[in-house]
Amino acid sequence: MAVVSLAATRFTKTALAARKERAEAVAKWAFFGMAVAMIIPLVAIIAYLLYRAAPSLSLEFLVEMPRRGMREGGIWPAFIGTLYLVVISLAVSAPIGVLAAIYLNEYARDTWFNRLINLAVINLAGVPSIVHALFGLGAFVYAAKFGYSIVAASLTLAIMTLPVIIASTREALASVPMAFREACWNVGATRWQTIKAVVLPNSISGILTGVILQVSRAAGETAPIMFTGAVFFKAIQPGTVFPYRLQDQCMALSMHLYTVSTQIPNVKESIPYATAIVLLGTVLLVNVSAIGLRVWLRNRKRW
Amino acid sequence: MSGPKAIEVQDLRLAYGAREVLHGISFDVGHNEVLAIIGPAQSGKTSLLRCLNRTIDFVGSATVSGTVRFEGEDVHKVKDVFGLRRRIGMVAPLPVGLPMSIYDNVAFAPRCAGVHRRGDLDTLVETCLRQAALWDEVKDRLDSLGTALSGGQQQRLTIARALSHQPDVLCLDEFSIAIDPVTTMRIEDVLKELSREITIILVTNLVQQARRLASRTMFLWNGEIVELDTSDVIFSNRPNDRRTYDYVHGIFG
């Protein structure tokens with residue numbers, strides 16, 4: 001009996017232990033609560049959009065031309081236009097941004113010139129998109145004589161996404177431990193051999209994450225393309241996949257959403273919501289495929 | 001006959017920014033010699049090694065003066081610094097398995113140097129892993145990750161990697177801090193074996209290890225050579241400098 005009572009005293013909760021346990025529970029539930037609170041608006045937005053968009057949602061809505069001054073029909077030209085803008089702008093900004101980041105992180109020494117580049121990148125990342133729009137208008141539409149076109153709009157979006165891609169890529173590169181690089185240098189590897197063998201394979205998923213985030217930004221921004229190449233309406237062959245030429249103007253989902261919700265009277269109420277759903281879906285589609293690529297790459301990552 | 005020594009260092013000064021960490025040190029290392037470098041933390045041992053194979057170049061704030069000669073050639077004037085680094089092997093104090101397979105870890109340096117024939121690489125990988133006393137433990141899983149090995153195994157992998165480019169001088173920077181005593185003794189045996197063919201510079205904090213392996217020992221303190229003499233003298237009861245005696249016998253400071 002004596003043994004039992006000893007065990008009981010030893011494991012009896014002291015006041016301190018009870019207090020710690022309460023603190024632990026409060027912390028855990030506070031964190032959990034915030035995590036849930038973050039999900040609620042997201043689910044609410046999507047549910048509300050779907051509910052309001054329901055009457056218009058159909059495959060025809062996606063692949064048809066707008067009719068009767070956008071009051072009926074689909075949004076195919078805007079959908080395709082957005083894909084054009086996103087793909088072309090990222091095809092320009094992703095390679096330039098990633099290569100520049102590799103230079104800044106792996107090669108650049110701490111000189112005044114490189115500090116200047118850094119400063120430029122940071123400041124560019126903070127410039128509002130409407131300023132980028134004006135720059136695009138001046139530089140690409142007028143100075144470079146691209147006119148109001150897909151090229152000009154894509155390049156403007158590329159300039160806007162570039163600094164963020166550079167910053168996120170640098171972060172991904174910096175997360176690769178220095179010891180790996182030193183181990184490579186010690187056995188006589190050049191910087192490029194080191195980057196190829198160790199740095200890139202271990203940062204590629206982080207680099208892609210940064211690029212993926214810019215997809216949504218490029219698809220969602222209205223200001224930069226409004227000044228440089230997006231139009232209210234552009235007639236194209238319905239159902240064709242490559243209806244635009246690069247020097248054409250195009251429609252875009254973000255612009256179209258703005259148009260149908262504010263510029264045109266008597267639009268069926270569900271059409272703006274359906275347009276928003278398609279915009280969300282497009283971003284989601286591009287993100288999911290990029291995330292798939294990232295997962296595939298991460299499975300090949302070796303540590 | 002007295003040709004060039006393996007390593008000759010003349011009045012080497014190294015500063016990180018305004019802080020000088022090596023205050024003009026001179027010494028040389030003969031062929032097939034084992035030189036031990038002992039000294040407390042922050043005395044400049046690792047920095048000294050980095051000057052030898054010029055990985056100090058990667059530290060932007062470092063300024064080096066004085067000369068380091070490898071086989072009579074000024075390392076700051078060599079045309080192929082990557083070739084130089086292959087001839088001076090370097091084992092870092094912390095075990096770093098590169099995030100690739102064990103095989104690729106060892107084959108990395110030869111590949112960088114342009115060796116790509118599978119047969120050559122296979123032989124080289126096996127030889128180096130055997131020399132680093134690791135072959136028996138990993139021979140059945142050469143495809144698994146270098147980073148998945150235990151700390152001690154990764155340290156031996158690091159040694160195998162340093163041997164993979166067949167260096168003439170091997171610098172080991174406190175190689176035994178992550179390894180158990182038994183493995184340490186095995187590697188010491190390997191080093192004794194190797195010292196017939198190559199020159200070894202051994203930075204160590206184990207006084208006994210320096211005594212076992214090195215013919216000469218340098219006591220480096222605050223960026224200056226306090227004493228450099230045969231290990232017999234350094235570890236005797238009568239080294240030339242009082243500080244050496246104090247350090248070696250653990251009554252320093």
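Here's what I pulled together on the structure shown here.

Analysis parameters
Residues numbered from 1 in each chain as written. Chains lettered and ligands numbered in written order. Predicted model: local features only at pLDDT ≥ 70, side-chain atom pairs only at ≥ 80, totals over all residues. Heavy atoms only, no water. Helix = DSSP H or I, 4+ residues; strand = E, 2+ residues; numbered from the N terminus. Rg over C-alpha atoms; globule rule 2.2 N^0.38 Å. Buried < 20%, exposed > 50% of the residue type's maximum accessible area, 1.4 Å probe, protein only. Contact = heavy atoms within 4.5 Å. Expected span 1.5 Å × (residues − 1). Bend = angle between axes of the 7 residues up to and from the residue. Pairing = 2+ DSSP bridges. Axes fitted to C-alpha atoms, helices over the stretch in contact; angles between N-to-C directions. Buried area = accessible area lost by both parts, 1.4 Å probe. Salt bridge = Lys/Arg side-chain N within 4 Å of Asp/Glu carboxyl O. Polar contact = N/O pair within 3.5 Å; in protein donor to acceptor, adjacent residues only side chain to side chain. Nonpolar A, V, L, I, M, F, W, Y, C, P; charged D, E, K, R; others polar.

1. Here we look at the overall build of chain A
From N to C terminus, chain A includes 12 helices and 2 strands. In sequence order, chain A lays out its α and β elements as α-α-α-β-β-α-α-α-α-α-α-α-α-α. Expected size for 303 residues packed as a compact globule is a radius of gyration near 19 Å; at 26 Å, chain A overshoots this value by more than 25%. Counting only C-alpha atoms, chain A reaches 90 × 60 × 35 Å along its principal axes. In chain A, which comprises 303 residues, the share counted as buried stands at 40%. When contacts within chain A are restricted to residue pairs at least 6 apart in sequence, those whose partners lie at least 24 apart make up 75%.

2. Regarding helix H4 (residues 76-107) of chain A
Helix length check: H4 of chain A (32 residues) gives 45 Å between terminal C-alpha atoms against 46 Å at 1.5 Å per residue, within 8%. Approximately 25° is the largest bend angle found in H4 of chain A, and it occurs at Leu 90 of chain A.

3. Side note on the sheet that holds strand E1 (residues 7-16) of chain B
Backbone-to-backbone hydrogen bonds pair the strands of a sheet. The strands run either parallel or antiparallel. All names here are of chain B. Pairing is antiparallel across the open sheet formed by 4 strands, whose spatial order is E2-E1-E4-E5. Each edge of the sheet is formed by a strand with only one pairing partner; in this case those strands are strand E2 (19-29) and strand E5 (73-74). Pairing between strand E4 (residues 62-70) and E5: 2 bridges, direction antiparallel. Counterpart to Arg 69 in the pairing with E5 is Asp 74. Along the sheet, helix H1 (residues 45-52) contacts E1, E2 and E4; its crossing angle with E1, the most-contacted strand, is approximately 120°.

4. Quick look at the sheet that holds strand E3 (residues 34-38) of chain B
Residue and element names in this part refer to chain B. Here we have 6 strands laid out as an open sheet, ordered E6-E7-E8-E3-E9-E10, and mixed in their pairing. The two strands at the open ends of the sheet, each matched to only one other strand, are strand E6 (88-91) and strand E10 (224-230). Between one strand and the next, the sheet's axes are offset by a mean angle of 15°, whatever the strand orientation. The strands touched by H1 within the sheet are E3, E6, strand E7 (169-173), strand E8 (199-203) and strand E9 (216-221), with E7 carrying the most contacts at an inclination of about 155°.

5. Some points on the interface of chain A and chain B
The partner chain B presents 24 residues to the 19 residues of chain A that form the contact. For the pair chain A and chain B, the summed buried surface comes to about 1900 Å²; carbon and sulfur atoms form 65% of the total. Our enumeration of links across chain A and chain B arrives at 1 salt bridge. Salt-bridge contacts for Glu 182 of chain A lead to Arg 50 of chain B; the nearest nitrogen and oxygen are separated by 4.0 Å. The interface formed by chain A and chain B includes 4 residue pairs in polar contact (both at pLDDT 80 or more). Listing elements by their share of the side of chain A that touches chain B, those giving two or more residues are helix H8 (178-186) and helix H9 (191-220) of chain A. A per-element tally of the side of chain A that touches chain B places H8 of chain A first, with 7 residues. Among the residues forming the side of chain A that touches chain B, the class breakdown is 10 nonpolar, 5 polar and 4 charged.

6. A closer look at the pairing of E1 of chain B
Side-chain direction in a regular strand flips from residue to residue, so the side chains alternate between the two faces of the sheet. Residue and element names in this part refer to chain B. As paired strands, E1 and E2 are joined by 8 bridges and run antiparallel to one another. Pairing of Arg 13 across the sheet is with His 23, part of E2. Linking two consecutive strands that pair antiparallel, namely E1 and E2, is a turn of 2 residues; a positive phi of about 65° is found at Gly 17 within it. As paired strands, E1 and E4 are joined by 8 bridges and run antiparallel to one another. Across the sheet, the residue bridging to Gln 10 is Thr 67, located in E4.

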